[in-house]
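# Tertiary structure, described
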Amino acid sequence: MKKLSLAGQIFIALVLAIIVGLVLGSAHAGFANSYIKPFGTIFLNLVKFIVVPVVIFSIISGIISMKDIRKVGVIGLRTVIYYLCTTAGAIVIGLIGASIFKGFFPVIATTDLSYQAKAATPFMDTIVGIFPSNIIAPMANASMLQVIVMALLFGFAIILLDEKHVSPAIQLVDAMNSISMKIMELILKLSPIGVFCLLCPVVAANGAQIIGSLAMVLLTAYLCYIIHMAVVYSASVKMLGGMSPLKFFKGMAPAMIFAFSSASSVGTLPINMDCCEKIGADKEITSFVLPLGATINMDGTAIYQGVCAIFIAACYGIDLTLGQMLTIVLTATLASIGTAGVPGAGMIMLAMVLASVGLPIDGIALVAGVDRIFDMGRTVVNITGDASCAVCVTKMVEKKK
Ligand code: ASP
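Per chain, the residues get numbers from 1 upward, laid out in the order the sequence is written. Restriction of local features to residues with pLDDT of at least 70 applies here, the model being predicted, together with a cutoff of 80 or more for giving and counting side-chain atom pairs; totals for whole chains, interfaces and linings are based on all residues. No hydrogens and no water enter the side-chain calculation; it runs on all heavy atoms of the structure.

## Concerning the overall build of the chain
How we decide: Only DSSP runs of H or I reaching four residues or more are called helices, and only runs of E reaching two or more are called strands; each is numbered from the N terminus. It is over C-alpha atoms that the radius of gyration is taken, and the globule rule equals 2.2 Å times the number of residues to the power 0.38. Note on contacts: a residue pair qualifies if any of its non-hydrogen atoms lie within 4.5 Å across the two residues. Values of accessible area rely on a 1.4 Å probe in the Shrake-Rupley scheme; residue burial ignores everything except the protein chains shown. Positive: Lys, Arg. Negative: Asp, Glu. His and the chain ends are not part of the count. One atom stands in for each charge, and that atom is NZ of Lys, CZ of Arg, CG of Asp or CD of Glu.
A tally of helices and strands in the chain yields 18 helices and 0 strands. Here the C-alpha atoms of the chain give a radius of gyration of 21 Å, agreeing with the 21 Å that 2.2 N^0.38 yields for 401 residues. Dimensions of the chain along its principal axes, counting C-alpha atoms only, are 70 × 50 × 50 Å. For the chain, the proportion of contacts with a sequence separation of at least 24, taken over those separated by at least 6, is 83%. Accessible surface computed for the chain: about 17700 Å², of which carbon and sulfur atoms make up 72%. In the chain, the 24 positive side-chain charges and the 18 negative ones have mean positions that sit 4 Å from each other.

Right under this line is the structure:
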């Protein structure tokens, strides 16, 4: 018999969690909380455990891979600027979209979701707080901005030093990156159990209302995905790439469909390269821009993180301040750089975004069950963003000649 795919297993877990949750109902919510939820907590603990190593090693190895960027000079700089700007734009769209629909996200007033809002920290303290004063605390407390600063410093130091001198470090980082990715993959294999054990008690306590709100948050994310592609990518391929958006999207369709079904940017890479070359992107540029994009450019993931942060905040009855929103833009941009182009990676990074503004990480429980549906859409946006960059950079380099 063919083994059921992880997505299939998660979907079954989701349906079972809803059915069992509704059957248990509020009368037996205590049972669900005492005996089912702890297994979900184990899953979440494992997610929290792996997020720091994944962020550290993937950012350092991302920077090490940028060593080539210095070589390719102009192309590299333009690519990175394009990636950062479109990603920041994507989160802003996600935050605005979710804020508009926020009224439809209900406050879920259960005891297990209760949350004490932290007093807002003054702006200057937030800035000061980004910089770590020792190496252990940021990792121990999962202070994500500090962890990122640490990773950036180590990464840049490695590329600034003589390669001969630091090659063991480069190998170590590469190996540790692969190892933490592998651990993440193993943890994600448990997600059907995690999803069931996390969602079932929530449905038992809150009834069918929670299902409606999940549908709303999915709809919001998909709307933002479509707006981002239709507005930002159409405008950039038209204005910077001199290509009609229709031609672009038509040519990209095979890669987009593949991304939707595989939920992996890295897996979509070969077909994405093929599509880009067919619509006229330069082969050399494509082979630089797309692999880099599949590792560091994740606009769809950024939108998802913005939407989910607002959704989770709304579920806990928290209104995010402007400062917190700006922190989300910053962390989600960096988080998307650290997100691996494999299924489910964006959800792990959501933990980091939530932690950065003091939102409860347990809120992931609310969206974990439908993560695959978010993931399919965000991967389409991720790879389309990379392709739009290849088209634009091709044109810019042509002009220079
Ligand atoms: N699955 C996404 C990708 O491969 C990453 C994510 O989970 O957001 O692009």
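## Quick notes on the site of the ligand
Quick reminder of the rule: Any residue with a heavy atom positioned within 4 Å of a molecule or strand is treated as near that molecule or strand. What qualifies as a polar contact is a pair of N or O atoms within 3.5 Å, subject to a donor-acceptor requirement within protein and to the restriction that residues adjacent in sequence count only when both atoms come from side chains. For each structure, a 1 Å grid was placed over the protein atoms alone; sets of points admitting a 1.4 Å probe that cannot get out are labelled cavities, open sets with protein on both sides within 12 Å along at least five of seven lines are labelled pockets, and lining residues have an atom within 4 Å of a point. A molecule is said to be in a cavity or pocket once over half of its atoms fall within 2 Å of that pocket's grid points. Gly is put with the polar residues, along with every residue not named as nonpolar or charged; the nonpolar set is Ala, Val, Leu, Ile, Met, Phe, Trp, Tyr, Cys and Pro, and the charged set is Asp, Glu, Lys and Arg.
Contacts to the ligand come from 17 residues, most closely from Ser265, Thr301, Gly346, Asp375 and Arg378. Contact between the ligand and Gly346: an oxygen atom at 2.6 Å from a main-chain N or O atom of the residue. Protein contact buries 100% of the 270 Å² of open area that the ligand shows by itself. Of the pockets mapped on this structure, the ligand occupies the largest cavity. If you list the elements that add at least two residues to the shell around the ligand, you get α16 (345-356) and α18 (371-400). Grouping the amino acids of the shell around the ligand by side-chain chemistry returns 6 nonpolar, 9 polar and 2 charged.

## Remarks on the packing of aromatic side chains
Each aromatic ring pair is described using two quantities: the centre-to-centre distance and the angle formed by the ring planes. Basically, it comes down to this: Ring pairs shown here join Phe, Tyr and Trp side chains whose ring centres sit within 6.5 Å, with only the six-membered ring taken for Trp; geometry is labelled stacked below 30 degrees between planes, edge-to-face above 60, and tilted in between. Only protein chains enter the accessibility calculation, which uses a 1.4 Å probe. A residue is then buried if its area is under 20% of the maximum for its type, exposed if over 50%, and partly exposed in between. Here, a charge over a ring is recorded when the distance from Lys NZ or Arg CZ to the ring centre is within 6 Å and its angle to the ring normal is within 35 degrees.
Considering all chains together, one arrives at 5 aromatic pairs under this definition. Taking 5.4 Å as the distance between ring centres and 40° as the angle between the ring planes, the aromatic pair formed by Phe31 and Tyr35 counts as tilted. You can see Phe31 and its partner Tyr35 sitting in helix α2 (residues 29-65), 4 residues apart, about one turn around the helix. Under the relative-accessibility criterion, Phe31 is labelled partly exposed at 45%. Arranged with centres 6.4 Å apart and planes meeting at 65°, the rings of Tyr82 and Tyr83 form a pair that is edge-to-face. Tyr83 shares its class with Tyr82; the two are buried. If you follow Arg378 out to its NZ or CZ, it ends over the ring of Tyr304, 4.1 Å from the centre.

## Here we look at the side chain of Asn272
By secondary structure assignment, the location of Asn272 is in helix α12 (residues 265-278). Taking relative accessible area as the criterion, Asn272 reaches 2% and is therefore assigned buried. If we ignore the near neighbours within four places in the chain, the residues touching Asn272 are Met252, Ala255, Leu290, Ile383, Asp386 and Ala387.

## Quick word on the pattern of salt bridges
The line we're drawing: One speaks of a salt bridge when a side-chain nitrogen belonging to Lys or Arg is within 4 Å of a carboxyl oxygen belonging to Asp or Glu.
According to the stated counting rule, one finds 6 salt bridges in the structure shown. The shortest N-O distance in the salt bridge between Lys189 and Glu185 comes to 3.9 Å. Of the two residues, Lys189 and Glu185 are both situated in helix α8 (residues 163-189); the distance of 4 residues between them amounts to about one turn of the helix. Here Glu185 falls in the partly exposed class, since its relative accessible area comes to 38%.

## Observations concerning the environment of Lys399
Summarising the element assignment, Lys399 is placed in helix α18. As for Lys399 and Met139, which are separated by 260 residues in sequence, their C-alpha atoms are 46 Å apart.

## Regarding empty space enclosed by the protein
Rules: Grid points are joined across faces, edges and corners, and a volume is the space filled by probe spheres set on the points.
In total, this model carries 1 cavity of 30 Å³ or more according to the counting rule given. Taken as a whole, the largest cavity spans an internal volume of roughly 60 Å³. Along the walls of the largest cavity sit 15 residues, with Ala340, Val342, Asp375, Thr379 and Asn382 positioned nearest its centre. For the lining of the largest cavity, the elements supplying multiple residues, two or more each, are α16 and α18. Looking at the lining of the largest cavity, the element that brings in the most residues is α18, giving 4 residues. Taken together, the residues of the lining of the largest cavity sort by class into 5 nonpolar, 8 polar and 2 charged.

## Thoughts on the nonpolar core
Going by this rule: Side-chain atoms within 4.5 Å are what join buried Ala, Val, Leu, Ile, Met, Phe, Trp, Tyr and Cys residues into a set we call a nonpolar core.
Counting residues in each nonpolar core, the largest one holds 130 residues, and the members touching the most others are Met252, Phe311, Ile328, Ile364 and Phe374. Here this core takes 17 residues from α2, the largest share from any one element. Sequence-distant contacts of Ile364, defined by excluding residues within four places in its chain, comprise Leu44, Ile312, Met347, Leu350, Ala351 and Leu354.

Spatial relationships are all this shows, so hold off on functional conclusions.
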